[in-house]
Amino acid sequence: MYKIAKEKLSELFALIAEKRELYLPVNVNGQANFAAWSEDAETALDTLKTVKSPKDAFFPQSENLYTCVRDGKKIKVEPEALKEQDFVVFGMKACDVRGVEVLDKVFLADPVDSFYAARREHGTIVALACSEPEETCFCKAFGIDAAEPAGDVSVWFVGETLFWKANTDKGEALTEAVKSLLEEAGGEDAECVEKEKASIRAIVDKLPYSDLSLEGWNGDALKEKFDSPLWEELYKPCLACGTCTFVCPTCQCYDIKDYDTGHGVQRYRCWDSCMYSDFTMMAHGNNRTSQMQRFRQRFMHKLVYFPANNEGMYSCVGCGRCVEKCPSALNIVKVIKSFQKQGGNRE
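Residues numbered from 1 in each chain as written. Predicted model: local features only at pLDDT ≥ 70, side-chain atom pairs only at ≥ 80, totals over all residues. Heavy atoms only, no water.

Enquirer: Sorry if this is basic, but what is going on with the overall build of the protein here?
Expert: A tally of regular secondary structure across the protein gives 11 helices and 12 strands. Compactness check: the protein gives a C-alpha radius of gyration of 22 Å against a globular reference of 20 Å for 347 residues, within 12% of the reference. Projected onto its principal axes, the C-alpha coordinates of the protein cover approximately 65 × 65 × 40 Å. A buried classification covers 47% of the 347 residues belonging to the protein. Taking the contacts inside the protein whose residues are at least 6 apart along the sequence as the reference set, 71% of them involve residues at least 24 apart. Carbon together with sulfur atoms contributes 47% to the accessible area of the protein, which is approximately 17300 Å² in total. (Helix = DSSP H or I, 4+ residues; strand = E, 2+ residues; numbered from the N terminus. Rg over C-alpha atoms; globule rule 2.2 N^0.38 Å. Buried < 20%, exposed > 50% of the residue type's maximum accessible area, 1.4 Å probe, protein only. Contact = heavy atoms within 4.5 Å. Areas by Shrake-Rupley, 256 points an atom, 1.4 Å probe, with all protein chains shown as cover.)

Here it is as structure tokens:
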């Protein structure tokens, strides 16, 4: 384990950025989101969770796939180059790291998404423990330890010191690259980190949603949950705004669109939402014709469909962003508690 004084972090970031792109939480117009680091950026590592998750680093909100260029009667297809530059995402929390693991199940399964795979190959995650988890957090319900984030490198703030531990080959490589700024941590330092972990876990245990029960939610609950009349009550306040899907670390729905550049066509993909009425629109229309069906789809996928196809892994990480951002106070916690309270089977 290593350590570095908090006052030297700007030097650390500059050293990382010499040979790698660096992304970390940055304040822009009063909101913290992951963005490229620069010397004049207002870093926000003390932010518990950014507005959007850092999944954008591996699965961008919008990315070009290829361009078709017309030259007289000929059309030339120019594929977009895959990511080749190494980069570091610094400050991801344990829930967001698990979110990337969920995306891995989707985009690295056959057929492998080459754009995502290239970013995962060149990206290194420095995961930061949550010093003060908030009442909207419920990562513990999904077996995530906020005190021990599972990145390529794990880091902890204790007072004015950042402690650093490499976990993977990528983490070791990054550690070697910045070793000139790091100091060896001693036994007393290790004890300080263990006390910090215990403090974080004590806070998590007191949070209102930490004891959220997932009993009855798994890959075997398809018919029982799908046919429940509770959905008809739960969906009604939903505005179909898609906010929950755009702040979520695990939502992976996207659309493919073409843009006329005037001298060709640029094909790109961008995030989409299962909450929208035109999502998966086909020639005959949409296969989910009501907002209730679309609302149900979101939560069934996270709590039933995904674990059914991924060895029990849920497609929710308990980050609490949907709890905070939904304008109608609808979120996955409310859905789970409603079924828990009423059994999901009302007369």
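Enquirer: I'm lost on the environment of Cys319 in this one. Help?
Expert: Looking at the element boundaries, Cys319 is found in the loop between helix H9 (291-309) and helix H10 (321-325). Spatially, the C-alpha atoms of Cys319 and Glu80 are 33 Å apart, while their sequence positions differ by 239 residues. Contacts of Cys319, omitting those with residues within four sequence positions, involve Lys49, Cys95, Thr136, Cys137 and Pro249.

Enquirer: It is not clear to me how the pattern of salt bridges should be interpreted in this structure. Could you clarify?
Expert: Opposite charge on two side chains allows them to pair when their charged atoms are near. A full pass over the atoms with the stated rule returns 22 salt bridges. Across the salt bridge formed by Asp189 and Lys3, the nearest N and O atoms sit 3.1 Å from each other. Of the two residues, Asp189 sits in helix H5 (residues 187-206) while Lys3 sits in strand E1 (residues 2-5), which places them 186 residues apart along the sequence. On the basis of relative accessibility, which here comes to 14%, the residue Asp189 falls in the buried class. For Asp96, the salt bridge identified is with Arg321, shortest N-O distance 2.9 Å. Here Asp96, found in helix H2 (residues 94-107), pairs with Arg321, found in helix H10; they are 225 residues apart in sequence, far enough to count as distant. Arg321 carries the same exposure label as Asp96, and that label is buried. (Salt bridge = Lys/Arg side-chain N within 4 Å of Asp/Glu carboxyl O.)

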